[in-house]
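Structure assessment
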Amino acid sequence: MKKVILEPARALLATLTKDELLRLGRRRRLKLEASQHKDAVLAELSRHLAVDDVTETLLALFSKKAGRGLVRLDQAPRLTGAATVHSYGRASAGQGRVLLEHAEHCLRLRLSNLQLFLENRWPVAASDAGEVPASMLYAGYVRRGRVHPSAGAPPPADRPFILDDGEYGLRQGRLRLELRHSGLLSFRVYLMRFASKSRRAVYILQPIM
């Protein structure tokens, strides 16, 4: 099993490329060696920057421009529905996604760190992973070899476990989830960037305390 990193600042920084990490370091006036491996640059930044410093810099680092027709969750009108939290399993410890039911589809948000998301104490990155049919909302396992009883379709190839489920509401950039096991989670949604290749949004979910 891969090691789960629960350092909030490092979990955010790990979503960036090496060049982007170097850009962030320059913004914070840190001396980093461009010849270093990405892991070394990541470790150096993690030692010097608190999570609030990382969050502030990430929100200022990237352009918010994108093509027409792309939906931004931080500006979306009121959305409500069922929600499920999926883990990718033992091979990818710490990684996961949230599915938010919307009409005949589900919005998928890929999380930078599942444990930190469920703790609702630290900011996490959430990448727009596109839509899937509503039948995929419960398409996962509740234990080894047992599919969720409400599954409307077979689990996808990454064989996720459904860790929690409940209801969500999204309004004016505020995401609220009421989950069966984790209870109430509440986040402010900020746009961090539009990924250049996928042209999909990446957000920072900032806990509302």
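Everything below is about the structure shown above.
Residues numbered from 1 in each chain as written. Predicted model: local features only at pLDDT ≥ 70, side-chain atom pairs only at ≥ 80, totals over all residues. Heavy atoms only, no water.

Description of helix α2 (residues 18–27)
What counts, and what does not: Using a 1.4 Å probe on the protein chains alone, a residue whose accessible area is under 20% of its type maximum counts as buried, one over 50% counts as exposed, and one in between counts as partly exposed. Numbering of helices and strands starts at the N terminus; helices are DSSP runs of H or I of at least 4 residues and strands are runs of E of at least 2. Only heavy atoms enter the contact rule, under which two residues are in contact if any of them lie within 4.5 Å.
Of all the residues in α2, the buried ones are E20, L21, L22, L24 and G25. Those residues of α2 that are buried are in contact with α1 (8–13), α3 (38–48), α4 (51–61) and β9 (183–194). Just downstream of α2, R29 is the residue with a positive phi angle, here 60°.

Quick notes on the pairing of strand β3 (residues 105–111)
This is how the line gets drawn: Note on pairing: DSSP must find at least two bridges between two strands before they are called paired.
Bridge count between strand β2 (residues 96–102) and β3: 7 bridges; the pairing is antiparallel. Paired with G96 across the strands is L111, a residue of β3. Connecting β2 to the antiparallel partner β3 that follows it, the hairpin turn spans 2 residues, and A103 within it adopts a positive phi of roughly 60°. Direction of pairing for β3 relative to strand β4 (residues 124–133): antiparallel, over a ladder of 6 bridges. Of the residues in β4, the one forming a bridge with C106 is V132.

Quick look at the packing of α2 against α3
So the rule is basically this: For helices, the fitted line uses only the C-alpha atoms of the stretch in contact; every axis is such a line through C-alpha atoms, and the angle between N-to-C directions lies from 0 to 180 degrees. Our angle categories are set so that under 35 degrees counts as roughly parallel, over 145 as roughly antiparallel, 65 to 115 as roughly perpendicular, and the remainder as oblique. Handedness of each helix crossing follows the sense of rotation of the near helix against the far helix: counterclockwise by less than a right angle gives left-handed, clockwise gives right-handed. Charged residues are taken to be Asp, Glu, Lys and Arg, nonpolar residues to be Ala, Val, Leu, Ile, Met, Phe, Trp, Tyr, Cys and Pro, and polar residues to be all remaining types, Gly included.
One way to put it is that α2 packs onto α3 with a least axis distance of 10 Å and a crossing angle of 30°. Of the possible angle classes, the one that applies to α2 and α3 is roughly parallel. Seen along the crossing, α2 lies across α3 with a hand that is left-handed. Residue-level contacts link K18, L21, L22, L24 and G25 of α2 to K38, V41, L42 and L45 of α3. Taken together, the residues that form the contact of α2 with α3 break down as 6 nonpolar, 1 polar and 2 charged.

Quick notes on the packing of α2 against α4
Packed helices, taken two at a time, are described by the angle between their axes plus the distance between the axes. One way to put it is that α2 packs onto α4 with a least axis distance of 10 Å and a crossing angle of 110°. With respect to α4, the element α2 is oriented roughly perpendicular. Residue-level contacts link E20, R23, L24 and R27 of α2 to T57, L58, A60 and L61 of α4. The residue inventory of the contact of α2 with α4, partitioned by class, reads 4 nonpolar, 1 polar and 3 charged.

Topic: empty space enclosed by the protein
Using the following cut-off: Buriedness for pockets is judged along seven lines, at least five of which must meet protein on both sides within 12 Å for an open set on the 1 Å grid over protein atoms alone, while cavities are sets there where a 1.4 Å probe fits but cannot get out, and lining residues have an atom within 4 Å of a point. Grid points are joined across faces, edges and corners, and a volume is the space filled by probe spheres set on the points.
Inspection of the entire model under this criterion finds 1 cavity of 30 Å³ or more. Every residue along the wall of the largest cavity is listed here: L73, L100, L109, L170, L175, V189 and L205. Of the residues contributing to the lining of the largest cavity, the split by class is 7 nonpolar, no polar and no charged.

Brief notes about the pattern of salt bridges
Keep this limit in mind: Should a side-chain nitrogen of Lys or Arg be within 4 Å of a carboxyl oxygen of Asp or Glu, the pair is scored as a salt bridge.
On inspection of all chains with the given rule, the structure shows 7 salt bridges. The closest approach of N and O atoms between R28 and D53, which form a salt bridge, is 3.6 Å. Of this pair, R28 sits in the loop between α2 and α3 while D53 is found in helix α4, placing the two residues 25 residues apart along the sequence. The class of D53 is partly exposed, set by a relative accessible area of 23%.

Looking at the pairing of strand β10 (residues 201–207)
A large share of β10 lies buried, amounting to 6 of its 7 residues. Pairing of β4 with β10 involves 4 bridges; the strand directions are antiparallel. Note that in β10 the partner of A126 across the bridge is Y203. Pairing of β9 with β10 involves 7 bridges; the strand directions are antiparallel. Pairing of F194 across the sheet is with A201, part of β10.

Section: the packing of aromatic side chains
Cut-off, in case you're wondering: Here the aromatic set is Phe, Tyr and Trp, taking the six-membered ring for Trp, and pairing holds for ring centres within 6.5 Å; pairs whose planes are under 30 degrees apart are stacked, those over 60 apart are edge-to-face, and all others are tilted.
This structure, assessed with the given rule, holds 2 aromatic pairs. Consider the rings of F117 and F187, whose centres lie 5.0 Å apart with planes at 10°: the pair is stacked. On the criterion of sequence distance, the pair formed by F117 in helix α5 (residues 114–119) and F187 in strand β9 is long-range, its members being 70 residues apart. Take F187: its relative accessible area is 0%, and that puts it in the buried class. The interplanar angle of 45° and the centroid separation of 6.2 Å between the aromatic rings of Y141 and F161 together place this pair among those described as tilted. With Y141 in strand β5 (residues 141–143) and F161 in strand β7 (residues 161–171), this residue pair connects regions lying 20 residues apart in the sequence. A residue is classified by how much of its surface remains accessible, and Y141, at 11% relative accessible area, is buried. Taking the relative accessible area as the measure of exposure, F161 reaches 27% and is therefore partly exposed.

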